[in-house]
Amino acid sequence: MRGEAIKGHLELLLLAVIADKPAHGYALIEELRQRSHEAFDLPEGTVYPALHRLERSQLINSRWDTSSGRRRRIYALTRRGRKALAVQREEWRGFSAAVSGVLGDAR
Amino acid sequence: VKSPIESYLAQLDSALEHGLPQRTRKEIRDHLRALARHHFETEPDRVGAEHRAIAEFGSAELIAEQFNKGGGPMEGRYDRWATPLAAILMLPGFFFMIANTLKFQLGIAPGLYDNTFRTLYAIDSHVLDVIVNAVVILGPVAAVIAIALSGVDLGLKIQNGALTGNFAIRFTMIQWIVLGVTVLVVLAMATYFFLENGPCWVGITWC
């Protein structure tokens, strides 16, 4: 899937991945790839502008971590981020069901 | 000669409206190095592995465009606070130099000096004396170090028997101003110090 197609949803996808486990940018992009069965194959660097937007909105926070022997910046969900994820998830499910209804997937 | 990763970071730095802050520079460098290490397992050429990592990461223009749209890259906590911290550390020295110059060099506004420093020095306490001197003299030096730590990116390591490294300076206008004033204060203090003590050291005056 082209990057353009998921551009508007990247932040929601990142929130969902981070919600399961705090992770660094490299691991996040790998997780996105795996969960989407390689469908979401973005240029890796595009994850950082999205992560920094989320951090600026205080939906996630970050810290340096060296426990693996290498320095990594780890991102974790904030309380506000968890609430935002719940709301956006519901909105997405409603939208997705509506689109499916129109496209006739349910028939 | 810059490595492909360092050249890429320099490109990204110039493509970003407000430059590439230290934190994001380190973060992206770490990512690219990890990716290059991964490719190096299958590709014997280290430079080739770095180029491949960069290609997968996305062009500097693309990443910069997305950062610019979202308000730019985040700064680290230290970088955000380094400039105000440096300004605070430098202030006592700055004030001391201004007051000192006004009174002893220009012969005006003596109260500015007397009312502050004489009052402090008049208190009969050796400890207070040491503290005041340390704050006035070491404050600006600490300020220069604080600013340098936030704006200078330096890393050296030996890789495959060769010395490699990275060096970049990224100061905002405010940081340049604080740094400039601080350096002037340090230089002025050093000049005073040598003018006062130099003749004695070289034997021109008795000490």
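Data block above holds the structure.
Not measured: the values here are computed from a predicted model.

**So, the side chain of B:Glu50**
Residue and element names in this part refer to chain B. Note that glutamate 50 resides in helix α3 (residues 46-57). Although glutamate 50 is buried, it makes no salt bridge; arginine 46 carries the closest opposite charge, 5.7 Å away. Discounting residues that sit within four places of it in the chain, glutamate 50 has contacts with Ser3, Pro4, Ile5 and Ala36.

**A short note on the pattern of salt bridges**
Residues and elements named next belong to chain A. Counted under the stated rule, the structure contains 14 salt bridges over all chains. A salt bridge links arginine 63 to aspartate 65; its shortest N-O distance comes to 3.4 Å. Residue arginine 63 is classed as partly exposed on the basis of its relative accessible area of 47%. Through salt bridges with shared partners, a single network forms among Asp20, Glu31 and Arg35.

**A word on the sheet that holds strand β3 (residues 72-77) of chain A**
All names here are of chain A. As summarised here, the arrangement of the three strands in space is β1-β3-β2, forming an open sheet in which the pairing is antiparallel. Both outer strands of the open sheet, β1 (23-24) and β2 (60-65), are each paired with one neighbouring strand and no more. Where β1 meets β3, two bridges bridge the pair, whose relative direction is antiparallel. Bridging from a neighbouring strand, alanine 23 pairs with tyrosine 75 of β3. Relative to β3, helix α2 (residues 10-20) is tilted by about 95°, and along the sheet it contacts β2 and β3.

**Describing the interface of chain A and chain B**
Counting from both sides, the interface comprises 20 residues of chain A and, opposite them, 23 residues of chain B. The interface formed by chain A and chain B includes two salt bridges. Here A:Glu55 makes a salt bridge to B:Arg23, at a shortest N to O gap of 2.8 Å. Taken together, the connections running from chain A to chain B amount to 15 residue pairs in polar contact (both at pLDDT 80 or more). Here the side of chain A that touches chain B takes six residues from helix α4 (residues 47-56) of chain A, the largest share from any one element. Across the side of chain A that touches chain B, the residue classes tally to six nonpolar, five polar and nine charged.

**Some details on a nonpolar patch on the surface**
All names here are of chain B. The grouping of Leu154, Leu156, Ile158, Leu163, Phe167, Ile169, Met173, Trp176 and Ile177 at the surface amounts to a nonpolar patch, some 1100 Å² of accessible area in total. Every element with two or more residues in the nonpolar patch is listed here: β1 (152-159), β2 (162-169) and α8 (173-201). Tracing the backbone through its elements, the reader meets isoleucine 169 in strand β2. Since its relative accessible area comes to 42%, isoleucine 169 is described here as partly exposed.

**Things to note about the environment of A:Glu44**
Checked against the element boundaries, A:Glu44 lands in the loop between α3 (25-35) and α4. Take A:Glu44: its relative accessible area is 1%, and that puts it in the buried class. Among all residues touching A:Glu44, those that are not within four sequence positions of it are A:Tyr26, A:Ile29, A:Arg33, B:His31, B:Leu35, B:Glu56 and B:Phe57. Side-chain polar atoms of A:Glu44 contact the side chain of A:Arg33, separated by 3.2 Å.

**Quick look at the nonpolar core**
Residues A:Leu14, A:Leu51, B:Tyr8, B:Leu12 and B:Ile28 are the most contacted members of the largest nonpolar core, which totals 43 residues. Take this core: its biggest share by element is eight residues, from α2(A). With near-sequence residues (within four places) excluded, A:Leu51 lies in contact with A:Leu14, A:Ile18, A:Gly25, A:Leu28, A:Ile60 and A:Tyr75. B:Ala86, B:Ile147, B:Val178 and B:Leu179 belong to the second-largest nonpolar core, a separate cluster that totals eight residues.

**Topic: the packing of α2(A) against helix α5 (residues 79-103) of chain A**
Residue and element names in this part refer to chain A. Between α2 and α5, the shortest axis-to-axis distance is 10 Å and the interhelical angle comes to 125°. Considering their axes alone, α2 and α5 lie oblique with respect to each other. Once α2 is placed against α5, the crossing between them reads as left-handed. Each of Leu12, Leu15, Ala16 and Ala19 in α2 lies in contact with α5, whose residues at this interface are Arg82, Leu85, Gln88, Arg89 and Trp92.

**Things to note about the side chain of B:His39**
Residues and elements named next belong to chain B. Here histidine 39 lies in helix α2 (residues 22-40). Looking at histidine 39, its side chain comes within polar contact range of the side chain of glutamate 56, at 3.0 Å. Discounting chain neighbours no more than four positions away, the residues touching histidine 39 are Ala49, Arg52, Ala53 and Glu56.

**Quick notes on the packing of helix α1 (residues 4-15) of chain B against α3(B)**
All names here are of chain B. Remark: α1 packs on α3, axes separated minimally by 9 Å, with the N-to-C direction vectors making an angle of 35°. For the pair formed by α1 and α3, the contact residues are Pro4, Ile5 and Tyr8 on the first element and Val47, Glu50, His51, Ile54 and Phe57 on the second. Here the contact of α1 with α3 is built from residues that sort into six nonpolar, one polar and one charged.

What counts, and at which threshold
Along each chain, the written sequence defines residue order, and numbers are assigned to residues from 1. Lettering of chains starts at A and numbering of ligands starts at 1, both following the order in which they are written. Given that the model is predicted, a residue must reach a pLDDT of at least 70 before its local features are reported, and side-chain atom pairs must reach 80 or more before they are shown or counted; all residues, however, enter totals for whole chains, interfaces and linings. Heavy atoms throughout the structure, all of them, feed into the side-chain values; hydrogens and water do not. Each helix is a run of H or I in the DSSP string that is no shorter than four residues. Each strand is a run of E no shorter than two, and both are numbered from the N terminus. The buried label applies to any residue whose accessible area, calculated with a 1.4 Å probe on protein chains only, is under 20% of its type's maximum; exposed applies above 50%, and partly exposed to all values in between. Lys and Arg are tallied as positive, Asp and Glu as negative. Neither His nor the chain termini are counted. By definition, a salt bridge exists where a carboxyl oxygen of Asp or Glu is found within 4 Å of a side-chain nitrogen of Lys or Arg. Note on contacts: a residue pair is in contact if any heavy atoms of the two residues lie within 4.5 Å. In this description, strands pair whenever DSSP reports at least two bridges between them. A fitted line through C-alpha atoms serves as each axis, taken over the contacting stretch for helices, and the angle formed by two N-to-C directions is quoted from 0 to 180°. N or O atoms closer than or at 3.5 Å make up a polar contact, with two conditions inside protein: a donor-capable atom paired with an acceptor-capable one, and, for residues adjacent in sequence, both atoms drawn from side chains. Residue polarity follows a fixed list, in which Ala, Val, Leu, Ile, Met, Phe, Trp, Tyr, Cys and Pro are nonpolar, Asp, Glu, Lys and Arg are charged, and the others, Gly among them, are polar. Patches here are clusters of residues that have more than 30% relative accessible area and form no salt bridge, with a 9 Å joining cutoff for like charges and a 5 Å cutoff for nonpolar side chains (Val, Leu, Ile, Met, Phe, Trp, Tyr). Note on areas: Shrake-Rupley with a 1.4 Å probe; residue coverage comes only from the protein chains shown. Buried Ala, Val, Leu, Ile, Met, Phe, Trp, Tyr and Cys residues form a nonpolar core when they are joined through side-chain atoms within 4.5 Å. Here the angle decides the label: under 35 degrees means roughly parallel, over 145 means roughly antiparallel, 65 to 115 means roughly perpendicular, and every other value means oblique. Left-handed describes a crossing whose near helix is turned anticlockwise from the far helix by less than a right angle; the clockwise case is right-handed.

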